[in-house]
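# Geometric and topological summary
Residues per chain are reported as follows:
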Amino acid sequence: MTQDKKPPVWFWALGIFALIWNGLGIGAYANDIMMTAEKLASMTELEQNLFVNRPFWASAAFAVAVIGGFMGSIMLLLRRRIAVRLFLMSLIAVLIQFASYFILDGYADYFSQNGWFMPISIPILAVAFLLFARWAEKSGFLR
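Attention here is on the structure that accompanies the text. (Residues numbered from 1 in each chain as written. Predicted model: local features only at pLDDT ≥ 70, side-chain atom pairs only at ≥ 80, totals over all residues. Heavy atoms only, no water.)

## Considering unusual backbone geometry
- A positive phi angle, near 60°, is found at Arg-79, a position not held by glycine.
- Position of Arg-79 relative to the elements: it lies in the loop between helix H4 (56-77) and helix H5 (82-103).
- The exposure class of Arg-79 is buried, given its relative accessible area of 12%. (Helix = DSSP H or I, 4+ residues; strand = E, 2+ residues; numbered from the N terminus. Buried < 20%, exposed > 50% of the residue type's maximum accessible area, 1.4 Å probe, protein only.)

Given below as structure tokens:
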């Protein structure tokens, strides 16, 4: 029987951060799929158009991205190798989802009004979580 390598404290801190970040993504997705007519009516006309006209594949990619990232975070904290594959799946879905922002009309206007922090930070963190999980796997912290 081989002895597992004990991860450093900051491994757990980053794993918890990943879990919280991806948990917020789950919350955003839940908000998205439980959109009521009242919530939709409270949006600007641009936001309403983007929400109503969003293609199915962009919504599906959103679901895969947040669920994959959340499950990857859980598996990372459980120190399971599958975390790497889940984070990879999440990153691919993030890239597909965010591709819609650049090929569908209106998203650039929306982001220019509301800021680019989230559209930039989400793909960067998706890459970072994948790289962190790969590093943890290569370091022997995942089994």
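## A word on the nonpolar core
- Of all hydrophobic cores here, the largest spans 24 residues; its most connected members are Phe-11, Leu-76, Phe-87, Phe-129, Ala-136 and Leu-142.
- If you list the elements that add at least two residues to this core, you get helix H1 (9-33), H4, H5 and helix H7 (117-138).
- When residues of this core are assigned to their parent elements, the largest contribution, 9 residues, is made by H5.
- Other than its neighbours up to four places away in sequence, Leu-76 contacts Phe-11, Gly-15, Ala-83, Phe-87, Phe-132, Ala-133, Ala-136 and Leu-142. (Core = buried A, V, L, I, M, F, W, Y, C linked by side-chain atoms within 4.5 Å. Contact = heavy atoms within 4.5 Å.)

Take it as geometry only, folks, not as evidence of what the structure does.
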